[in-house]
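# A closer look at the structure
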Amino acid sequence: MPTPFDQVVAKIITKGFHNHRLEDHSDVVSGGIFHDLLEQCPTLKKDAEIGDIKYWRNVKTPGARKRKIDLLIGEPRPDGKPDLTKIRIAVENKSVVTAHRNRDARFDDLNEALQVIHKAKPETVIVATILIGLATR
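Residues numbered from 1 in each chain as written. Predicted model: local features only at pLDDT ≥ 70, side-chain atom pairs only at ≥ 80, totals over all residues. Heavy atoms only, no water.

## Considering the confidence of the model for the protein chain
Here is the rule we go by: Known as pLDDT, the predictor's per-residue confidence is scaled from 0 to 100. A run of H or I in DSSP counts as a helix once it spans at least four residues, and a run of E counts as a strand once it spans at least two, with each numbered from the N terminus.
When the pLDDT values of the protein chain are averaged, the result is 79; 74% of them are 70 or greater. Ranking the elements of the protein chain by mean pLDDT puts helix α1 (residues 6-15) last, at 75, and helix α3 (residues 42-49) first, at 96.

Next comes the structure, spelled out in structure tokens:
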């Protein structure tokens, strides 16, 4: 059965990523999620078409050790930059197969992103993606 993520996985395979920690890998995942949201949500698509919302990738956030959040979707400030108080959706991608002993570090990364965004706007939808086992061996 096809899934919305099939095109993203196909692009990852085509690019032949060997280091899934690269920003380019996360950008492919974020782009796939954003385009799927536009296809599945007519209201979001309309808001994007008329410019009420925008999307930003790899935005440094206040707090959270200035970590970057992979994808923000929401209303822009007058200068076109994201307004954290008007973010609708935040996505953080973790596409690394991590040693079990490091699992807490990956969770901490995701939790820090959640805390920063929810402090600015508690009703923001937070999404975390985790890709595991794309290699054939």
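There's more to say after this.
## Points about the pairing of strand β2 (residues 68-76)
Let me state the cut-off plainly: In this description, strands pair whenever DSSP reports at least two bridges between them.
When strand β1 (residues 54-60) meets β2, the two strands line up antiparallel, connected through six bridges. Paired with Lys60 across the two strands is Lys68, which belongs to β2. Pairing of β2 with strand β3 (residues 82-94), which is carried by five bridges, proceeds in the antiparallel orientation. Within the sheet, the bridge partner assigned to Gly74 lies in β3 and is Ile87. Once β2 ends, the chain turns through five residues before running back antiparallel as β3, passing Gly80 with a positive phi of about 90°.

## Section: the nonpolar core
Rule in force here: In these notes, a set of buried Ala, Val, Leu, Ile, Met, Phe, Trp, Tyr and Cys residues joined through side-chain atoms within 4.5 Å is what counts as a nonpolar core. The classification of residues rests on relative accessible area computed with a 1.4 Å probe and restricted to protein chains. Under 20% of the type maximum is buried, over 50% is exposed, and intermediate values are partly exposed. In this description, contact between two residues means that some pair of their heavy atoms is separated by no more than 4.5 Å.
Of all hydrophobic cores here, the largest spans 13 residues; its most connected members are Leu71 and Ile73. Looking at this core, the elements that each hand over two or more residues are α1, α2 (23-40), β2 and β3. Sort the elements by how many residues they give to this core and α2 lands first, with five residues. Setting aside anything within four residues of it in sequence, one finds Ile73 in contact with Phe34, Leu37, Leu44, Ile53, Lys54, Tyr55, Trp56, Ile87, Arg88 and Ile89. By size, the runner-up hydrophobic cluster in this structure holds nine residues, among which are Ile69, Leu84, Ile87 and Ala90.

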